[in-house]
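# What the coordinates show
Here is what each chain is made of, one letter per residue.
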Amino acid sequence: SSGINAEYGLHNDLVMFSYGGWLLFMFGLIFETAADYEKTVFRSHPANKDRFISTGLWSISRHPNYFGEMLLWFGLWVASVPFYTSPLQLLSVFCPTLTFLLILLVSGVPKLEKAAIEKWGKDPEFVKYMAETPCIIPFFGMGKEIVNKSE
C-alpha cells in the first residue's frame, strides 16, 4: 500500500475522518465567501444605502460569514486530528474554540449587533428579522428580542 495510509500508518477510517474535516473546511470557506459576496453586492446598490441585508444566506443567519469562518477553523482541526502523535495535541481544539468564543462574545457579534440595533432598532422589519433569525448557526437557535429602553 502506498500513499498517505502507508506513510503515516493510518487506518482508512482515520483518513476518512480527515477528509471529513477538509469537507467541513471547504463548506465553511464557501459559506463565508458567499455571505461576504452577497453583502458586497447588496451594499453596491444605491437603493440599499442605510438598509440591512436579510436575503440569501442572511435570511437564515444574522452572521452567516461568521458561521462559515467557524466551520472553516473547526474543519482544519478535524482534518489534522488523525495526524496527531500525542493525546496532548488534542488540546489544539482550543484554537478554533477560542476563535468561536471571540467572535460570539467579544469582537464580532456583540459589536455588530449593538451597532445594528442603534441604527435599525426602531424599524419593525429589523425587529422582526432579529426576533426570527438565528444569530449564527442557520436554522438553529432563537432570534433576539430588541428592548427599546428609550421608550
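Counting starts from 1 at the beginning of each chain's written sequence and moves along it residue by residue. Since the coordinates come from a predicted model, pLDDT governs what is reported: local features require at least 70, and pairs of side-chain atoms require 80 or more to be given and counted, while whole-chain, interface and lining totals use all residues. With hydrogens and water stripped out, all remaining heavy atoms of the structure feed into the side-chain values.

### Overview of the pattern of salt bridges
Think of a salt bridge as a Lys or Arg side-chain nitrogen and an Asp or Glu carboxyl oxygen that are within 4 Å of each other. For the structure on display, the rule yields 4 salt bridges. A salt bridge links aspartate 50 to lysine 119, with the nearest nitrogen and oxygen atoms 3.5 Å apart. Linking aspartate 50 in the loop between α2 (12-44) and α3 (64-80) with lysine 119 in helix α5 (residues 109-120), this pair joins segments that are 69 residues apart in sequence. Between glutamate 113 and arginine 62 there is a salt bridge whose closest N-O contact spans 2.9 Å. One end of the pair, glutamate 113, is in helix α5; the other, arginine 62, is in the loop between α2 and α3, and 51 residues separate them in sequence. We note that glutamate 113, like arginine 62, is buried. For helices the rule is a DSSP run of H or I covering at least 4 residues; for strands it is a run of E covering at least 2, with both sets numbered from the N terminus onward. The buried label applies to any residue whose accessible area, calculated with a 1.4 Å probe on protein chains only, is under 20% of its type's maximum; exposed applies above 50%, and partly exposed to all values in between.

### Here we look at unusual backbone geometry
Phi is positive for aspartate 50, which is not a glycine, with a value near 65°. Overall, the relative accessible area of 49% leaves aspartate 50 in the partly exposed class. Its identity is not glycine, yet phenylalanine 139 carries a phi of approximately 65°, on the positive side. By the element assignment, phenylalanine 139 lies in the segment after α6 (124-132). By relative accessible area, which is 70% here, phenylalanine 139 ends up exposed.

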